[in-house]
Amino acid sequence: MTPPSAAPALAQAARRVYVEALVKGSAAVPSALVEALQQRLLKPAEPLKIRAWRDTLAALQQHGATWQMGLITRLRRLSKSQDPLGPPGPGRPAKPLSLVEDDTIEREILASRLSLSIQGDTQWQLTDLRTRMQVLEGHPELDPEDKLHPAVMARLWVDAWREADLGHADWQQLQDVLHHEFGHWMGSAYHLTNRWLLEQGVLPDVDLRPFIVRSETCD
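Residues numbered from 1 in each chain as written. Predicted model: local features only at pLDDT ≥ 70, side-chain atom pairs only at ≥ 80, totals over all residues. Heavy atoms only, no water.

> Can you explain the environment of A58? Please cite residues and give values.
Looking at the element boundaries, A58 is found in helix α3 (residues 47-80). Overall, the relative accessible area of 41% leaves A58 in the partly exposed class. For A58 and V34, which are 24 residues apart along the polypeptide, the C-alpha to C-alpha distance reads 9.1 Å. (Helix = DSSP H or I, 4+ residues; strand = E, 2+ residues; numbered from the N terminus. Buried < 20%, exposed > 50% of the residue type's maximum accessible area, 1.4 Å probe, protein only.)

> Got a sec to walk through the packing of aromatic side chains? Specific residues and values, please.
The relative placement of two aromatic rings is captured by the distance of their centres and the angle of their planes. All chains considered together, the criterion is met by 7 aromatic pairs. Ring geometry for W157 versus F182: centroids 5.1 Å apart, planes at 85 degrees, classification edge-to-face. Placement of the pair is W157 in helix α6 (residues 150-163) and F182 in helix α8 (residues 175-199), with a sequence separation of 25 residues. The pair W157 / F182 is uniform in exposure class, with both members buried. Feature note: the residues W67, W157, W161, W171, F182 and W185 constitute an aromatic cluster, connected by ring pairs. (Phe/Tyr/Trp six-rings, centres within 6.5 Å; stacked < 30°, edge-to-face > 60°.)

> If you had to explain the packing of helix α4 (residues 102-116) against α6 to someone new, which residues and values would you point to?
With their axes 8 Å apart at the nearest point, α4 and α6 run at an angle of 130 degrees to one another. Relative to α6, α4 is oriented oblique. As for how α4 packs across α6, the hand of that crossing is right-handed. Between α4 and α6, the contacting residues are D103, E106, R107, E108, L110, A111, L114 and S115 on the first element and P150, A151, A154, R155, W157, V158, D159, R162 and E163 on the second. Considered class by class, the residues forming the contact of α4 with α6 number 8 nonpolar, 1 polar and 8 charged. (Axes fitted to C-alpha atoms, helices over the stretch in contact; angles between N-to-C directions. Parallel < 35°, antiparallel > 145°, perpendicular 65-115°, else oblique. Left-handed = near helix turned anticlockwise from the far one by under 90°. Contact = heavy atoms within 4.5 Å. Nonpolar A, V, L, I, M, F, W, Y, C, P; charged D, E, K, R; others polar.)

> If you had to explain empty space enclosed by the protein to someone new, which residues and values would you point to?
If you walk through the whole model with that rule in mind, you get 1 cavity of 30 Å³ or more. The space that makes up the largest cavity amounts to roughly 30 Å³. Forming the boundary of the largest cavity are S26, V29, P30, W67, Q68, L71 and W157. Secondary structure elements with two or more residues in the lining of the largest cavity: α2 (29-41) and α3. (1 Å grid on protein atoms, 1.4 Å probe; cavity = no way out; pocket = protein on both sides within 12 Å on 5 of 7 lines; lining within 4 Å. Points joined across faces, edges and corners; volume = space filled by probe spheres on them.)

> Residue-level account of helix α5 (residues 120-137), with values.
In this model α5 runs 26 Å from its N-terminal to its C-terminal C-alpha over 18 residues, within 8% of the 26 Å that 1.5 Å per residue would give. Along α5, the residues classified as buried are T122, Q125, L126, D128, L129, R130, R132, M133 and L136. Turning to α5, the residues buried within the fold contact α1 (7-25), α6 and α8. (Expected span 1.5 Å × (residues − 1).)

> Explain unusual backbone geometry to me, using residue names and the numbers behind them.
A positive phi angle, near 65 degrees, is found at D165, a position not held by glycine. One can find D165 in the loop between α6 and α7 (168-173). Judged by relative accessible area, which is 60%, D165 ranks as exposed.

> Outline the packing of α1 against α3, supporting the account with residue identities and numerical values.
Running from N to C, α1 and α3 cross one another at 175 degrees; their axes reach a closest spacing of 10 Å. Judged on the interaxial angle alone, α3 and α1 are roughly antiparallel. Seen from α1, the contacting residues are V19, E20, L22 and V23; seen from α3, they are I72, L75, R76 and S79. Class assignment of the residues belonging to the contact of α1 with α3 gives a composition of 5 nonpolar, 1 polar and 2 charged.

> Got a sec to walk through the confidence of the model for the chain? Specific residues and values, please.
Residue-level pLDDT values for the chain average 85, and 82% of them are 70 or greater. Every residue in residues 83-99 is under pLDDT 50, and counting partners more than four places away or in other chains gives 18 contacts. Contacts of residues 215-219 to residues separated by more than four positions or lying in other chains number 10 contacts, the stretch itself having pLDDT below 50. (pLDDT = per-residue confidence, 0-100.)

Take a look at the structure:
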C-alpha cells in the first residue's frame, strides 16, 4: 500500500514517466505516416488521388521531422509547467467568439475528432491510469486540462502539425492513419505509466492489460 505522504510525489513522477513515453514514442510517428502513403501509392487509384498522396508524401518528407520536434517542444513545456497548453479554462476569460479565427476553429475540430478516436485497449489503459491517479491525488476526477487527457494531447498534436507547414489537405489524406497512430502513441504511454505505478505498488489489484509497445528511441 502506498503511504499517503508519498502519494503526491508518486503522482508527479508518474506524469513525468508519461511525458517521456510520449516523447520517445513520437520518433516512430512520421515514418509510420510516410510508410502508409508509400503503401497506398503501390496500389491502383484515380489520378487525382495519386497526385494528392504524392503531394502529402512530399510534405511529410520535408516537414515530418519539424512536426515531431515541435511536438516534443510542447511536451517538454507542458511537463515543466502546471499551466495547461490549450483553450482558457475556468477563471481564465476566453476571447469573444467573433474574434476566433477560422484556423483556430478548424484546429479544434481536428483535435476533437482525434481525441474521440481513442478506443479499445487504449481506452482501457486510460481507465486504469485514471483510477491509479485518482487514488494517489484524492480527487474524484482528473482536471479537464490534465495532460493525461487525450483531448489535451490532441491539441498539441494538431498545433504542431499546422505549425510545421503541414496543411488541412495533408491531414485529410492521412486522417485514418493519424487517428490510428495517435491511439497507439497514447496507449503506449498509458501502458508504460501504469506499469511504472504498478512497480511502485500503486493499486496492484487493477489489471495491467497487455499493450504492444514498439521498440523505438528518440534522438
